[in-house]
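# Coordinate analysis (summary)
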Amino acid sequence: MTVTSIVFENWRNIAAARVEFSPGINVLWGMNAQGKSNILEGIYFFARGRSFRGARERELVRFGEPFARAALSFRREGYGSDTAMEAVLPAAGKKRLTRNGAPLSSSAEMLGSFRAVLFTPANLSVVTGGPAERRSFLDIALSQISADYLMWLRKAVRLLAERNALLKRAGDGERVSPEEWDVYAEGLAESGAWIAAYRREYASLLSRAVERYFAGMTGGAEKPELTYRSHALPEDAEPIGLLTNPGAAERRRPDPGPLYEKLRANREREIAAGSTLWGIHKDDLLLTLNGREARAYASQGQQRSFILSMKLGEAEIARTVSGEYPAVLLDDVFSELDENRRRYILDALDAEEEGSAASRQIIITSCEPDVIPGARASRVCFHRVEGGKILEGGT
Ligand SMILES: Nc1ncnc2c1ncn2[C@@H]1O[C@H](COP(=O)(O)OP(=O)(O)O)[C@@H](O)[C@H]1O
Ligand SMILES: [Mg+2]
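Okay, the overall build of the protein next. A tally of regular secondary structure across the protein gives 12 helices and 15 strands. Expected size for 395 residues packed as a compact globule is a radius of gyration near 21 Å; at 22 Å, the protein falls within 12% of this value. Among the 395 residues that make up the protein, the fraction classed as buried is 44%. Residue pairs in contact within the protein that sit at least 24 positions apart in sequence constitute 75% of those at least 6 positions apart.

The buried fraction of strand 13 (residues 362-366) amounts to four of the five residues, a majority that puts the element mostly inside the structure. As judged from the five bridges shared by strand 3 (residues 25-29) and strand 13, these two strands associate in the parallel manner. Within the sheet, the bridge partner assigned to Val27 lies in strand 13 and is Ile364. Two elements, strand 12 (residues 327-331) and strand 13, share four bridges in a ladder whose sense is parallel. Its bridge partner being in strand 13, Leu330 is matched across the sheet by Ile364.

Here we take up the site of ligand 1. Surrounding ligand 1, one finds 16 residues, the nearest of these being Asn13, Ala33, Lys36, Ser37 and Asn38. When residues in the shell around ligand 1 are grouped by element, the largest group, three residues, is from helix 1 (residues 36-48). For the shell around ligand 1, the class distribution of residues is four nonpolar, eight polar and four charged.

Looking at the element boundaries, Val183 is found in helix 6 (residues 178-218). Sequence separation of Val183 and Arg163 is 20 residues, and the distance between their C-alpha atoms is 9.7 Å.

The interhelical angle for the contact between helix 4 (residues 131-145) and helix 6, taken along N-to-C directions, is 95 degrees, at an axis separation of 11 Å. Comparing the axis directions of helix 4 and helix 6 gives the class roughly perpendicular. Contacts from Leu138, Ala141 and Leu142 of helix 4 reach helix 6 at Tyr198, Arg199 and Tyr202. Along the lines of polarity and charge, the residues of the contact of helix 4 with helix 6 split into five nonpolar, no polar and one charged.

This brings us to the domain arrangement of the protein. Along its sequence, the protein is carved into domain 1 (1-115 + 327-395) and domain 2 (125-323). Tallying the contact residues gives 12 residues for domain 1 and 14 residues for domain 2. Going through the elements one at a time, helix 1 and helix 12 (339-349) are the ones with two or more residues in the side of domain 1 that touches domain 2. Split into classes, the residues belonging to the side of domain 1 that touches domain 2 amount to eight nonpolar, one polar and three charged.

For the rest of this paragraph, the subject is helix 11 (residues 300-322). In this model helix 11 runs 33 Å from its N-terminal to its C-terminal C-alpha over 23 residues, within 8% of the 33 Å that 1.5 Å per residue would give. Just past helix 11, the residue Gly323 takes up positive phi, approximately 85 degrees.

Moving on, we come to the sheet that holds strand 9 (residues 224-229). With antiparallel pairing, three strands are arranged side by side in an open sheet as 9-10-11. Since the sheet does not close on itself, it has two edges, and those belong to strand 9 and strand 11 (292-293), each with one partner. In the sheet, strand 9 pairs with strand 10 (residues 284-289) via six bridges, with the strands oriented antiparallel. Pairing of Leu226 across the sheet is with Leu287, part of strand 10.

What follows covers unusual backbone geometry. For Asn100, which is not a glycine, the phi torsion comes out positive at approximately 45 degrees. By the secondary structure assignment, Asn100 is in the loop between strand 6 (96-99) and strand 7 (102-104). The phi dihedral of Asp332 is positive, around 60 degrees, even though this residue is not glycine. By secondary structure assignment, the location of Asp332 is in the loop between strand 12 and helix 12.

Let us now look at the sheet that holds strand 1 (residues 2-11). With antiparallel pairing, six strands are arranged side by side in an open sheet as 2-1-4-5-6-7. Only two strands of the sheet have a single neighbouring strand rather than two, namely strand 2 (14-20) and strand 7. Adjacent strand axes in the sheet meet at a mean angle of 15 degrees when their direction is disregarded. When strand 5 (residues 83-90) meets strand 6, the two strands line up antiparallel, connected through four bridges. The residue of strand 6 that forms the bridge with Met85 is Arg99.

Each value, and the rule that gives it
- Residues numbered from 1 in each chain as written.
- Chains lettered and ligands numbered in written order.
- Predicted model: local features only at pLDDT ≥ 70, side-chain atom pairs only at ≥ 80, totals over all residues.
- Helix = DSSP H or I, 4+ residues; strand = E, 2+ residues; numbered from the N terminus.
- Rg over C-alpha atoms; globule rule 2.2 N^0.38 Å.
- Buried ≥ 20, exposed ≤ 12 C-beta atoms within 10 Å, placed from the backbone.
- Contact = placed C-beta atoms within 7 Å.
- Pairing = 2+ DSSP bridges.
- Near = placed C-beta within 6 Å.
- Nonpolar A, V, L, I, M, F, W, Y, C, P; charged D, E, K, R; others polar.
- Axes fitted to C-alpha atoms, helices over the stretch in contact; angles between N-to-C directions.
- Parallel < 35°, antiparallel > 145°, perpendicular 65-115°, else oblique.
- Domains from an automatic or database assignment.
- Expected span 1.5 Å × (residues − 1).

Written out as structure tokens, the structure reads:
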């Protein structure tokens, strides 16, 4: 998967620009606050359906302008032509999204076409922050590679909001029929069982990848491990091959029983609390180093190697599941790494693959142009970013 070009109009500080990317390594470089991250934010918008910096859509509109527009062209491996996606975000009113000219009804419908993995320094909070950060990591990664996962997730989010509102109304004395409670318990148990099964399988694939990358990066003896902890699954439930063997998964539906029972048995407590206390919205992805929680016990260097290994694993799993390597975007991470780690990450991302002529695309932002060590530096495509303008070359 390679980005061919992106066109911006009134996108953040970019009044009008067109950037053409090479299929290999691209470096967007320039001083601070010139628009480098704004470009990656635009590219990743099409993979994630929203800003990675948590900005609202109208904040992406250039100050004082009526709308922002971004148009991405990308090439899928083995395809003879580009796919075009466009987003028009008005300062007020409804956004317009299209793929090859055909309208898309929502951001969710956009996901799964253009796949990218983004590395930013803020990713560290996946290791150091709370469970919500880790669930969000899983949701973003899985939504891009499984339409089925995204469907269950949207359903679960909607049902949870509705049930929480119902619990509050019941707390205020509204009478709710047993049938209505049951519709929610069943719906949340079923969607929760699927989501937990996907997440557990993802965690198990990722755990293996992280072990390999972490060892390669640190040369250390500590063993990292990722384990998915869920209300919706028995601790010993084995992955059922939803991602790696989808045909077999059809015959082995995950069991909604454990979560259904919890939701039925504890409703009075939930009414008192005014919210749903059991479910995948309380689950966690446990990250450990030699059996101890990385958040509490790992050094800062180890935490950073942990998240970098997770990101390399995310790209690898996207490749395994979708058959194609995603575009890789690195926002400001290279400047904080020593040369050995830069080299290790490039070796891992840029590895020659047997039987595949496809190149792997990497787009990096940096304050200095010379961030790529070794022989690779000679085949980097440079783009200088200055005051919202993008100039080719520049070294
Ligand atoms: N909606 C907007 N309209 C105009 N300029 C914006 C908007 N949002 C952010 N900016 C400007 O974009 C610049 C930051 O760009 P960014 O891509 O984050 O910089 P960097 O090159 O350091 O990555 C700042 O100068 C900021 O004022
Ligand atoms: Mg930046």
